[in-house]
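Spelled out, the chains give:
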Amino acid sequence: MSDFRPLELDPLHPKRHLRTLHTPFGPRAVYDSASFCTRCGSCQQACPTYVLTAEETFSPRGRNQAVRLAAEGKLNPAQNKELLSRLVNSCLLCGRCTQACAGKIPTAEHMLELRRTLNGRALPALLHTLLSWRSRRPGLFRFMVRAGLALRRAGAVRLLRLMGLTRLPGLAWINHADDILPARTPAFAKRLRQAKIPAAPQDPALIYLPSLEAEFFMPDLAASVLQTAAPKRGAHIWQNTPSGLFEYVYGNVRQSRRLVKNLIRRREQTGKLPLLTDSVDVYLFLRRAPQLFERWPRWQQKAREFAEHVLFITDFMPKKPARAAEIASPVRLDYSALFRREGEPFAAAQKTLKTLFKKNFVECLYKDADTPAFGYGFVRHNLAERVCMDAVRSIARTQTGTVFTLSGLSALELDFCLKQFYPYAKADHFARLNG
Amino acid sequence: MKIPSAALKKLKQAAGEENVLTDAVSLSLYAYDCSLSRTRPDALINVPNQEAVAPILRILQEYAVPFVPRASATNHAGSCAALNGGAVLNLTRLNRILQINTQEGFAVVEPGAVGGDLQDALAPLGFFYAPDPASERVCTLGGNLAQNASGARCMKYGGTIDHVLEADFILPDGGPLHFSRRDGGPDFIGLLAGSEGTLGVITRMKVKILPAAKHIKTFLVTFPSLAHSVQTVSDLAAKGVIPRCVEAMDQITTRAVEEFARSGYPTDAQALLILELDGTPAQIASDEKQLEEICLKNQALKFIPAKNEAERQKLWFGRRAAYAAMARLAPNVMVGDGTVPRSELPRALAKVRRILDDNNIYASLLFHAGDGNFHPQIVFDERNKPDAVRVTRALKEILQACVDCGGTISGEHGVGVEKRAVMAYQYDKPTLDLFTRIKRAADPKNIANPLKLIPLAYAEKARPQQPLSAAAQQLADNIRTRREARVPCTVTGANTRLKTAAEHPLSARPLNQILDIDKTNYTVTAGAGVTLAELAQALGRENVYSILPEKGKGTLGGAFASGCLPGFYPHVLGVEALLPDGSYVRYGGKLMKNAAGYNLARLFAGSQGTLGLVTQLTFKIFAKPVPKAPELPFQPAPANALWRAVKAQLDPEDLFPPLTGDARV
């Protein structure tokens, strides 16, 4: 295997890409990693988009083969940009295929590499620009989001929808955003004040990096997280601080690396406290931060130390969470996440729910769908809706009453779908189990 | 070949504009399966429903466009590669389970239905579908029939071939056929099993479902050598203990598995068996006692029963992880597949290990010990050409060694294109000719999955023909003489079922020798002219039992070919026959599994003498009495289009009994 100089997907732009991917069997070049797919097909039925479409083009095996063929020059990305974009952007990046795969092939990572090769945008342009401001122009981003929410409260979005303007191709995402966002979104600082959480504690126990949704749309979630993880000593709250995940998935890997560097530096200046996140997507991304620094050994070392100190809310959940006694209906865990759906946070959350709810905990079956994660609903809305409906069907089949997710955005997506089609159940973030 | 634009236009009309794709990305992603073969088709047709299959095939036939039926494409033989280009028919959308009937014990499914989904649907009802290929979570039931797939439960329950009751099938010319095991005549479902899409497209299946075992017990046993483990399995068969599963692995496999899955397998033993018993608690207890005795007699090092369900799952997790344990080591895992008579397994495995060592190849050995079916799992990197060539060559040598041990080149993975050349090593020219003629009968334009199964230009390379026995030679000469003189040939045995008043019938009675009663492999080989009474006496003397009626009338050949004992077909492992042109074909032997080539045993079963004269059969026997196959009254079976086409190929002068009636479509 080491006899080969691995081919590159995009030899003209090596800096757009990761040099190697960190797999459970060691670092591998993207081409090597894709070549480890033996085409056995074990992943096929685990993939929600393949199950829905029954087409190889929307299957993990097909996606891996496309990467391999593109690297080998048998499929020209420039000539097949549209078709390959369809193939890449249809991937939920959920990691179910990796879980099913004997060789643990990281298909989601391969898709991101192919997306970077194609250099196209997955999200609608306006939404992409807006979200990219979070790192490039944080003040403007904060202003735009607040203004948007104020306009929404004033009925502007409803008016746009009534006028049919949100049916225009570039604005269709507004419909989905309006659908999933909660009707009332109290201000972050105000909500924390209400919960008596100090904004600048004397001796903080940790650093809290709120996700975008926790900060702007679900401050209740942030309050729950802080009450659970640092009830006494409080935490440094890094507001409007991007983690770099958005750039990693939808934008530029260099920008993502820069943002992670910022986090590492800032943490060093804050006394190297552990860093807590409320989004499993951010957690999984930051835990894998060292793979961003393959060319920079010193930074890789720092990233490794940083990654070891990234925590998730499951690490803090008490044995008897405050709200657990209120829940009498069956409960289940939605494994919605980016890149992988197995590992510590999932095992810990599952164990907690199993212990608390015993027979009322509903085990997920092999083919039970998860909610599309991290904004997939804005990328391929039609497919996302069908995947989400599959999740609702399985929730209804098992007569589940509460579904816990490990990210706020997934909770919002799933809750909207449940309200429409199975209002008996509701979705919430796992952290809300404690208040 | 390039598909004419007029054909594409018509195909779009038949299947829907959005379902016919010719873009580079789609075509590249339908160029492969789980083997090393990769050939891009010229079009991809996503078949939207069952009804669309026949019109699509008619268009392809009209323009002579080759096609490859494809579902999950998990086969290891290159069966889904479009070697001649043409169209790939993607059948994965036909994935519905249409009906489950627990009262009568069947399920009706579309060919793209996934085996695991059927199991999931049956489990809450307390039923299961017996064939369990390792890839059952992803492979489709149509694909299972086309490849004649089987798995760990094969020793007790048999492969896919024995679990399909009915099948809807479309010939390459678009002609619909319905095959049912109740219809009489040749067992065409058996002929489809392992045909790899070369005869047409399966569009619907009715499969047998069974009540799930309530009590199961699993054991892990280790042995000082592979020979001891195989002897254990033979001894179990001799005692009449038929485990539900018998899986075996060598030391390399157990070490790789332990490193990866930590299933608690002892790594110091040369061989390891996982055995599973099912039945009533009393039956399991009695079998367990015998099992333990036999294992200890064969110097078992450790005998570990799983104490609870968690331990049982742990043992099976290790077995299932055997592929994964190798897959993480290199980009490619080539899973070989050969089957030998059980008694030959130690010799075959020793040969395989030697070939692997000589070629400096790292591979593990897994085998379904009860069936004599083994799978070397070779890890390599196909991007390294010399490496790939070495592995391919070694695999060919392994298959040849397998044939030399009286085995077959495929037990359950099929032939496809990867083992096509070795078919000539296994079969002689008349047998390969018969395969060609069957293919030509169903698919005269050679458009259904062409260039698969049958070796190219095999006349020179085919296995030399074995000399015939004097009686068989005399019959062959007789047939040739009659053919030259255009004299009708009416086949008869004891003239008890297919009663004939013909003056000079072609009698199988001279073939009245019981050639072999093998109490290691538990098989009998006998001439077709042996009467059932003579057979029962001989078996009685040896204290073994068969499914055939002890007081049955007529001959063995008659019992097989008349269609009166359909329950006997799954027990027939090998057949030899004289064709209407006087050529002599040989298929199978003391093999529990054979997925190499068309299943000739099933073609001649129930053929009522219309396709030739069956001269010799090899079939299963048992150490304990077994329920006898029910005997049906003889009646001429109505013919279907495929039977007529095969008969026209084999007997163009129609000298053997003509076909009558019309089977329902």
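Residues numbered from 1 in each chain as written. Chains lettered and ligands numbered in written order. Predicted model: local features only at pLDDT ≥ 70, side-chain atom pairs only at ≥ 80, totals over all residues.

**Structural notes on the overall build of chain A**
Rules: Strands are runs of DSSP state E lasting at least two residues, helices are runs of H or I lasting at least four, and both sets are numbered from the N terminus onward. C-alpha atoms define the radius of gyration in this analysis, and the globule rule sets the expected value at 2.2 Å times the number of residues to the power 0.38. To assign burial, the other C-beta atoms lying within 10 Å of each residue's own C-beta are counted, with C-beta atoms placed from the backbone; 20 or more indicates buried, 12 or fewer indicates exposed, and intermediate counts indicate partly exposed. Working definition of a contact: two residues with C-beta atoms, positioned from the backbone, lying within 7 Å.
For chain A, the count of helices and strands is 21 helices and 10 strands. The C-alpha radius of gyration of chain A comes to 21 Å, within 12% of the 22 Å expected for a compact globule of 435 residues. Dimensions along the principal axes, computed over C-alpha positions, put chain A at roughly 60 × 50 × 50 Å. Per-residue burial over chain A gives 51% buried out of 435 residues. Look at the contacts in chain A between residues 6 or more apart in sequence, and 76% of them connect residues 24 or more apart.

**Describing the overall build of chain B**
A count of helical and extended segments in chain B gives 20 helices and 28 strands. With respect to the three principal axes, the spread of C-alpha positions in chain B is 70 × 70 × 55 Å. Residues classed as buried in chain B amount to 58% of the 665 residues present. Relative to all contacts within chain B whose residues are 6 or more apart in sequence, the contacts with residues 24 or more apart total 75%.

**Here's the deal with the interface of chain A and chain B**
Applied cut-off: When residue character is reported, Ala, Val, Leu, Ile, Met, Phe, Trp, Tyr, Cys and Pro are called nonpolar, Asp, Glu, Lys and Arg charged, and the others, Gly included, polar.
Contacts between the two partners involve 29 residues from chain A and, on the opposite side, 33 residues from chain B. Every element with two or more residues in the side of chain A that touches chain B is listed here: α3 (60-71) and α4 (81-89) of chain A. Considered class by class, the residues forming the side of chain A that touches chain B number 13 nonpolar, 11 polar and five charged.

**Structural notes on the nonpolar core**
Under the convention used in this document: The term nonpolar core refers to a group of buried residues, namely Ala, Val, Leu, Ile, Met, Phe, Trp, Tyr and Cys, whose C-beta atoms join them within 7 Å.
Membership of the largest hydrophobic core comes to 351 residues, with the highest contact counts inside it found for Ala66(A), Ile45(B), Ile56(B), Leu89(B), Leu192(B), Val572(B) and Phe604(B). Top contributing element to this core by residue count: helix α13 (residues 385-404) of chain B, with eight residues. Ignoring anything within four residues of it in the chain, the contact list for Val572(B) reads Phe560(B), Ala601(B), Ala605(B), Leu617(B) and Phe619(B).

**Some remarks on the packing of α3(A) against helix α6 (residues 107-118) of chain A**
The geometry of a pair of packed helices is captured by two quantities: the angle between their axes and the separation between those axes. All names here are of chain A. Rule in force here: An axis is simply a line fitted to the C-alpha atoms; with a helix, the fit covers only the stretch in contact. Between two such axes, the angle follows the N-to-C directions and lies from 0 to 180 degrees. Every angle not falling under 35 degrees, over 145, or within 65 to 115 is termed oblique; those three ranges are roughly parallel, roughly antiparallel and roughly perpendicular. Crossing handedness follows the turn of the near helix against the far one: under a right angle anticlockwise gives a left-handed crossing, and clockwise gives a right-handed one.
At their nearest, the axes of α3 and α6 sit 10 Å apart, and the two run at 45 degrees to each other. Here α3 lies oblique to α6, going by the angle between them. The chirality of how α3 crosses α6 is left-handed. Here Pro60, Arg63, Asn64, Ala66, Val67 and Ala70 of α3 come into contact with α6, specifically with Thr107, His110, Met111, Glu113 and Leu114. For the contact of α3 with α6, a count of residues per class yields six nonpolar, three polar and two charged.

**Quick word on the sheet that holds strand β4 (residues 235-237) of chain A**
All names here are of chain A. What counts, and what does not: Here, a strand pair is defined by DSSP locating no fewer than two bridges between the strands.
Pairing in this open sheet of four strands is parallel, and the strands run β4-β3-β5-β6 from one edge to the other. The open sheet terminates on both sides in strands that have one partner only, identified here as β4 and β6 (310-312). Going from strand to strand, the sheet's axes swing by 35 degrees on average, the running direction of each strand aside. One ladder, built from three bridges, connects strand β5 (residues 275-277) with β6; its direction is parallel. By the bridge assignment, Leu275 is partnered in β6 with Val310.

**Observations regarding the environment of Ala427(A)**
Residues and elements named next belong to chain A. As for its placement among the helices and strands, Ala427 is situated in strand β10 (residues 426-429). For the pair Ala427 and Phe404, spaced 23 residues apart in the sequence, the C-alpha separation amounts to 5.8 Å. Residue contacts for Ala427: discarding those within four places in its chain leaves Asp334, Val403, Thr405, Ala411, Leu414, Asp415 and Leu418.

**A few points about helix α9 (residues 251-261) of chain B**
All names here are of chain B. Residues of α9 that are buried include every one of Gln251, Thr253, Thr254, Ala256 and Val257, and no others. Where the residues of α9 are buried, they touch β13 (245-250), β14 (271-278), α11 (309-327) and β18 (363-368). Of the residues flanking the end of α9, it is Arg262, one or two places downstream, whose phi is positive at about 50 degrees.

**Structural notes on the sheet that holds strand β10 (residues 201-208) of chain B**
All names here are of chain B. Within the open sheet, the five strands sit side by side as β5-β6-β10-β8-β9. Their pairing is antiparallel. The open sheet has two free edges, formed respectively by β5 (97-101) and β9 (176-180), since each of these has just one partner strand. Along the sheet, successive strands turn relative to each other by an average axial angle of 10 degrees, direction set aside. Of the strand pairs in this sheet, β5 and strand β6 (residues 106-109) are connected by four bridges, and their pairing is antiparallel. Across the sheet, residue Ile100 finds its bridge partner in β6, namely Ala107.

**A word on the packing of helix α8 (residues 226-239) of chain B against helix α12 (residues 345-358) of chain B**
All names here are of chain B. Contact pair α8 / α12: the axes reach a minimum separation of 9 Å and the direction vectors enclose 150 degrees. Compared by their axis directions, α8 and α12 come out roughly antiparallel. α8 and α12 meet at a crossing whose hand is right-handed. Mapping the contact onto sequence places Leu226, Ala227 and Val230 in α8 and Leu345, Pro346 and Leu349 in α12. Here the residues of the contact of α8 with α12 sort into six nonpolar, no polar and no charged.

**Section: the domain arrangement of chain A**
Residues and elements named next belong to chain A. Selection rule: Residue ranges assigned to each domain were obtained from an automatic or database domain assignment.
As assigned here, chain A comprises domain 1 (14-118), domain 2 (123-180), domain 3 (186-314) and domain 4 (318-434). Placing the centre of domain 1 and that of domain 4 at their C-alpha centroids yields a distance of 26 Å. Taken together, the contacts link 16 residues of domain 1 with 18 residues of domain 4. For the side of domain 1 that touches domain 4, the elements supplying multiple residues, two or more each, are α2 (48-53), α5 (96-100) and α6. Examining the composition of the side of domain 1 that touches domain 4, we find that four residues originate from one element, α2, more than from any other. Residue composition of the side of domain 1 that touches domain 4, grouped by class: seven nonpolar, seven polar and two charged.

**A word on the confidence of the model for chain B**
In plain terms, the rule: The score called pLDDT rates the predictor's confidence residue by residue, from a low of 0 to a high of 100.
Mean pLDDT over chain B: 93, with 100% of residues reaching 70 or higher. Among the scores for the predicted complex, ipTM is 0.92 and pTM is 0.93.

**Some points on unusual backbone geometry**
In this structure, Lys358(A) takes a positive phi of about 45 degrees despite not being glycine. What makes Lys358(A) exposed here is the crowd of 8 C-beta atoms within 10 Å. A positive phi is found at Arg486(B), a non-glycine position, where the angle reads about 55 degrees. With respect to the helices and strands, Arg486(B) occurs in the loop between α16 (470-485) and β20 (491-492). Classification of Arg486(B) by C-beta neighbours within 10 Å gives exposed; the count is 9.

**Description of the pairing of strand β9 (residues 402-405) of chain A**
All names here are of chain A. Let me state the cut-off plainly: A clockwise course of the path from the first strand over the helix to the second, judged with the strands pointing away from the viewer, identifies a crossover as right-handed.
Neither face of β9 is left uncovered, since the one carrying Thr402 and Phe404 and the one carrying Val403 and Thr405 both have all their residues buried. Both strand β7 (residues 331-333) and β9 contribute to a ladder of three bridges, which runs parallel. Looking at β9, one finds that Leu333 is bridged to Phe404. Where β9 lies against β10, four bridges are found, and the strand directions are parallel. Across the sheet, residue Val403 finds its bridge partner in β10, namely Ala427. Handedness of the crossover joining β9 and β10 through helix α21 (residues 408-421) is recorded here as right-handed.

**What about the domain arrangement of chain B?**
Residues and elements named next belong to chain B. Domain annotation for chain B reports domain 1 (5-90), domain 2 (97-211), domain 3 (214-328) and domain 4 (470-662). Summarising the inter-unit geometry, the C-alpha centres of domain 1 and domain 2 are found 22 Å apart. Across the boundary between the two partners, domain 1 contributes 15 residues, which contact 20 residues of domain 2. Take the side of domain 1 that touches domain 2: its biggest share by element is six residues, from helix α3 (residues 53-62).

**Brief notes about the pairing of strand β3 (residues 206-209) of chain A**
Residue and element names in this part refer to chain A. A two-sided burial pattern is seen for β3, the buried positions comprising Leu206 and Tyr208 on one face and Ile207 and Leu209 on the other. Sheet topology places β3 next to β4; three bridges connect them, and they run parallel. From the neighbouring strand, Tyr208 faces β4, where its bridge partner is Ile237. The sheet contact formed by β3 and β5 spans three bridges and is parallel. Following the sheet pairing, Ile207 is matched in β5 by Leu275.

**Overview of helix α1 (residues 5-15) of chain B**
Residue and element names in this part refer to chain B. What counts, and what does not: Our arc is simply the arc of the directions from the helix axis toward the C-beta atoms.
Within the sequence span of α1, burial applies to Leu8, Leu11, Ala14 and Ala15. Buried residues of α1, seen end-on, are gathered within an arc of 125 degrees and therefore sit on one face of the element. Residues of α1 that are exposed and point more than 90 degrees away from the buried face comprise Ser5, Ala6 and Gln13. Those residues of α1 hidden inside the fold are in contact with β1 (20-21), β2 (43-46) and α3. Positioned one or two residues after α1, Gly16 has a phi angle of 105 degrees, which is positive.

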